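# Understanding the architecture of this molecule
Now for the letters of each chain:
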Protein chains: 2
Amino acid sequence: MNKITLIGEKMKLRRSERMVVISNYLINHPYELTSLNTFAEKYESAKSSISEDIVIIKRAFEEIEIGTIETITGAGGGVIFSPSISDAEAKTIVQGLCDQLSESNRILPGGYIYLSDLLSTPSILNNIGRIIAKSFKDQQIDAVMTVATKGVPLANAVANVLNVPFVIVRRDLKITEGSTVSVNYVSGSSGDRIEKMFLSKRSLKAGSRVLIVDDFLKGGGTITGMISLLSEFDSELAGVAVFADNAQANRDYLGYKSLLKVTNIDVKANTIDVEIGNIFD
Amino acid sequence: MNKITLIGEKMKLRRSERMVVISNYLINHPYELTSLNTFAEKYESAKSSISEDIVIIKRAFEEIEIGTIETITGAGGGVIFSPSISDAEAKTIVQGLCDQLSESNRILPGGYIYLSDLLSTPSILNNIGRIIAKSFKDQQIDAVMTVATKGVPLANAVANVLNVPFVIVRRDLKITEGSTVSVNYVSGSSGDRIEKMFLSKRSLKAGSRVLIVDDFLKGGGTITGMISLLSEFDSELAGVAVFADNAQANRDYLGYKSLLKVTNIDVKANTIDVEIGNIFD
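Analysis parameters
Residues numbered from 1 in each chain as written. Chains lettered and ligands numbered in written order. Predicted model: local features only at pLDDT ≥ 70, side-chain atom pairs only at ≥ 80, totals over all residues. Heavy atoms only, no water. Phe/Tyr/Trp six-rings, centres within 6.5 Å; stacked < 30°, edge-to-face > 60°. Helix = DSSP H or I, 4+ residues; strand = E, 2+ residues; numbered from the N terminus. Lys NZ or Arg CZ within 6 Å of the ring centre and 35° of its normal. Pairing = 2+ DSSP bridges. Axes fitted to C-alpha atoms, helices over the stretch in contact; angles between N-to-C directions. Expected span 1.5 Å × (residues − 1). Buried < 20%, exposed > 50% of the residue type's maximum accessible area, 1.4 Å probe, protein only. UniProt positions renumbered as here; feature names shortened; annotations may be inferred. Contact = heavy atoms within 4.5 Å. Buried area = accessible area lost by both parts, 1.4 Å probe. Salt bridge = Lys/Arg side-chain N within 4 Å of Asp/Glu carboxyl O. Nonpolar A, V, L, I, M, F, W, Y, C, P; charged D, E, K, R; others polar. Parallel < 35°, antiparallel > 145°, perpendicular 65-115°, else oblique. Left-handed = near helix turned anticlockwise from the far one by under 90°. Right-handed = clockwise from strand over helix to strand, strands pointing away. Domains from an automatic or database assignment. Polar contact = N/O pair within 3.5 Å; in protein donor to acceptor, adjacent residues only side chain to side chain.

## With respect to the packing of aromatic side chains
Under the defined criterion, the tally for this structure stands at four aromatic pairs over all chains. Ring centres of A:Tyr25 and A:Phe39 lie 5.4 Å apart, and the angle between their planes is 85°; this geometry places the pair in the edge-to-face category. Residue A:Tyr25 is located in helix H1 (residues 15-28), and its partner A:Phe39 is located in helix H2 (residues 36-42); the two are separated by 14 residues in the primary sequence. Its end group placed over the ring of B:Tyr114, A:Arg202 keeps NZ or CZ at 4.5 Å from the ring centre. Looking at B:Lys91, its charged tip hangs above the ring of B:Phe280, at a distance of 5.4 Å from the centre.

## Quick notes on the sheet that holds strand E9 (residues 209-217) of chain B
The strands making up a sheet associate through hydrogen bonds between their backbones, and the pairing can be parallel or antiparallel. Residues and elements named next belong to chain B. Ordered by their spatial adjacency, six strands build an open sheet running E6-E5-E9-E10-E11-E12, and the pairing between neighbours is mixed. Because the sheet does not close on itself, it has two edges, and the strands there are strand E6 (166-169) and strand E12 (271-276). Direction aside, neighbouring strands of the sheet carry axes that sit 25° apart on average. As paired strands, strand E10 (residues 236-245) and strand E11 (residues 257-266) are joined by four bridges and run parallel to one another. Bridge pairing in E11 links Ala241 to Lys257.

## Side note on helix H5 (residues 122-135) of chain B
Residues and elements named next belong to chain B. For H5, which comprises 14 residues, the first-to-last C-alpha distance of 20 Å matches the rise-based estimate of 20 Å (1.5 Å per residue) to within 8%. By the criterion of burial, H5 is predominantly enclosed, with twelve of the 14 residues buried. Of the residues making up H5, those classed as buried are Pro122, Ser123, Ile124, Leu125, Asn127, Ile128, Gly129, Arg130, Ile131, Ile132, Ala133 and Ser135.

## So, the UniProt feature "domain: Bacterial purine repressor N-terminal" (unreviewed entry) in chain A
Mapped onto this structure's residue numbering, the UniProt feature "domain: Bacterial purine repressor N-terminal" (unreviewed entry) falls at residues 14-83 of chain A. For the annotated span residues 14-83 of chain A, helix accounts for 54% and strand for 17% of the residues, and the straight-line distance between the end C-alpha atoms is 26 Å.

## Examining the interface of chain A and chain B
How big an interface is tends to be reported as the loss of accessible area on association of its parts. Contacts between chain A and chain B engage 66 residues on the former and 67 residues on the latter. At the boundary of chain A with chain B, total buried surface from both sides reaches about 5,600 Å², with 62% on carbon and sulfur atoms. Put simply, chain A and chain B have four salt bridges between them. Note that A:Lys150 is salt-bridged to B:Glu177, the shortest N-O span being 3.0 Å. Among the secondary structure elements, those contributing two or more residues to the side of chain A that touches chain B are H1, helix H3 (47-63), helix H4 (87-101), strand E3 (107-108), strand E4 (112-113), helix H5 (122-135), helix H6 (151-162) and strand E6 (166-169) of chain A. Here the side of chain A that touches chain B gets eight residues from one element, more than from any other, and that element is H1(A). When its residues are assigned to classes, the side of chain A that touches chain B shows 34 nonpolar, 20 polar and twelve charged.

## A short note on the pattern of salt bridges
Residue and element names in this part refer to chain A. Under the defined criterion, the tally for this structure stands at 30 salt bridges over all chains. Where Lys134 meets Asp87, a salt bridge forms, and the shortest distance between an N and an O atom there is 2.8 Å. In this pair, Lys134 sits in helix H5 while Asp87 sits in helix H4, placing the two residues 47 residues apart along the sequence. Within the structure, one salt-bridge network assembled from shared partners comprises Arg15, Arg18, Glu52 and Asp53.

## Some thoughts on the packing of H6(A) against helix H6 (residues 151-162) of chain B
Relative to each other, H6(A) and H6(B) sit at 55°, their axes nearing to 9 Å. Considered as vectors, H6(A) and H6(B) are oriented oblique to each other. At the point where H6(A) passes H6(B), the crossing takes the right-handed sense. Touching A:Val152, A:Pro153 and A:Asn156 of H6(A) are B:Val152, B:Pro153 and B:Asn156, all from H6(B). Tallied by class, the residues present in the contact of H6(A) with H6(B) amount to four nonpolar, two polar and no charged.

## Focus on the pairing of strand E9 (residues 209-217) of chain A
Residue and element names in this part refer to chain A. In terms of burial, E9 is a largely internal element, nine of the nine residues being buried. Bridge count for strand E5 (residues 143-147) against E9 is three bridges, and the pairing is parallel. Opposite Ala143, over in E9, you have Val210 as the bridge partner. Bridge analysis of E9 against strand E10 (residues 236-245) gives eight bridges, and the strand direction is parallel. Opposite Val213, over in E10, you have Ala241 as the bridge partner. Of the crossover connections in this fold, the one passing from E9 over helix H7 (residues 221-232) to the parallel E10 is right-handed.

## Some remarks on the domain arrangement of chain A
All names here are of chain A. Each assigned domain of chain A is listed with its residue range as follows: domain 1 (15-83) and domain 2 (87-276). A C-alpha centroid distance of 34 Å is found between domain 1 and domain 2. Each side of the interface is counted separately: domain 1 has six residues, and domain 2 has five residues. Around 420 Å² of area is buried between domain 1 and domain 2 when both sides are counted, 44% of it from carbon and sulfur atoms. Looking at the side of domain 1 facing domain 2, the largest losses of area belong to Pro30, Tyr31 and Pro83, adding up to 68% of the total buried there. Across the domain 1-domain 2 interface, the total number found is zero salt bridges. Across the contact surface, domain 1 and domain 2 share two residue pairs in polar contact (both at pLDDT 80 or more). A per-class count over the side of domain 1 that touches domain 2 returns three nonpolar, one polar and two charged.

## Concerning the side chain of A:Glu17
Looking at where A:Glu17 falls in the secondary structure, it is placed in helix H1. Judged by its relative accessible area of 1%, A:Glu17 falls in the buried class. When residues no more than four places from it in sequence are discounted, the contact partners of A:Glu17 are B:Ile56, B:Arg59, B:Ala60 and B:Glu63.

Right under this line is the structure:
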């Protein structure tokens, strides 16, 4: 499926047009190796011209820090684009989210915070995806895992940047998932309720390295549950990332990264205190 | 949030680099008006040079049919990128999905079809998003609506291309959604069960034009339920799109578009017959 834009008619383009087209292709195919011959044939150009194009695109990508292009030489060689985001841009974005999360009208009865608007805005999700993906750039990641429903757009966003599939753990059992594996997990911050979570057997290949993401980390039971699911699938934890956590101290064993940390919710005074999490540490 | 990449340091780029950078910006900000002055200031170039860049980018985008760039003249003017996909590419993609959906190992007990792998692969989702968005290009769409859980990645993908938020209707009631509005809907193709679906009150603005998307259309009860939710939110239906439907004839009143049509599932013979749906009609 991924190589689809290069199938079909060949076309002769001017250099400047060709660069727009090739850079667009690379951005849409992160972490995929594409040989220079593929571009040369498609755009009826000499491989040496394509090679020069790549040098310019590489420089432009590095100038605006949207990612790096690696050139692999030799017979099986080509170019690979790895998306990134500049530290300055990432910090501006997270600070903006911090301000949005602090809005007092997000407080719901019981001291919950309304997040759904942030986690259903594509431009915000794309930015979060880039920031989380960058933070795990040294890890081999084969899949992103989350739990339904709130985590799904986040997992989707991170998986999109990493160009890997995402898997959705469910709290209920659906016929359309086929055979599932279930584990017990501790639900609620008081740790007094045991529930089950389910993952479709065919959704995760054995031996996968998995990044777990979720919207809000409270007691940590859901994430501990997902980690125990990983071993049922003979898979390994690559890391844990959450959009926000509630600044409790006793979950460091999860080794998670958070974009935001909610340090206090005062329902009476109608205030939420939010800080930047440990994602940049 | 959206204009973030243009905030911060200015930089002087060569023309060819500038074109890579500007085209990347436009692709990441679909349906947003950006003034040429913004680019001129950021990249320390004359507005006339930026204007020439845009002409070349426009031609390149049109050559590979990834979208169009509209130039709006005058004081409040600028450029707007509208993503698209060529008919040939769209058809190749849907044919590929058709082949994948026909694989006999997707049949689950009871004649259900396993779809989760397709709907959790970012490259597939991005393509589906582009195809559905193109199919409703003449409609004003303010939000994309779906029902949890399977529809979420699809809604996310379409909303991403349209650069609008998506809203998630739930079959259960969650504390973290705040106040909700509920409607009854008919569940199951036999039409013998009435259930409730819920939408957070603050998730959809009154007066929105909404595109409803879902993974698999069976009886149509879920979609009819979502349509009745729209009127509770003083909003309007812009269209209905599904990944696949099961080729029943009695749902034409929904006026939906489908990528794929499952014409027969033979559990004994272990075969699934799939055709291209009405999305290209």
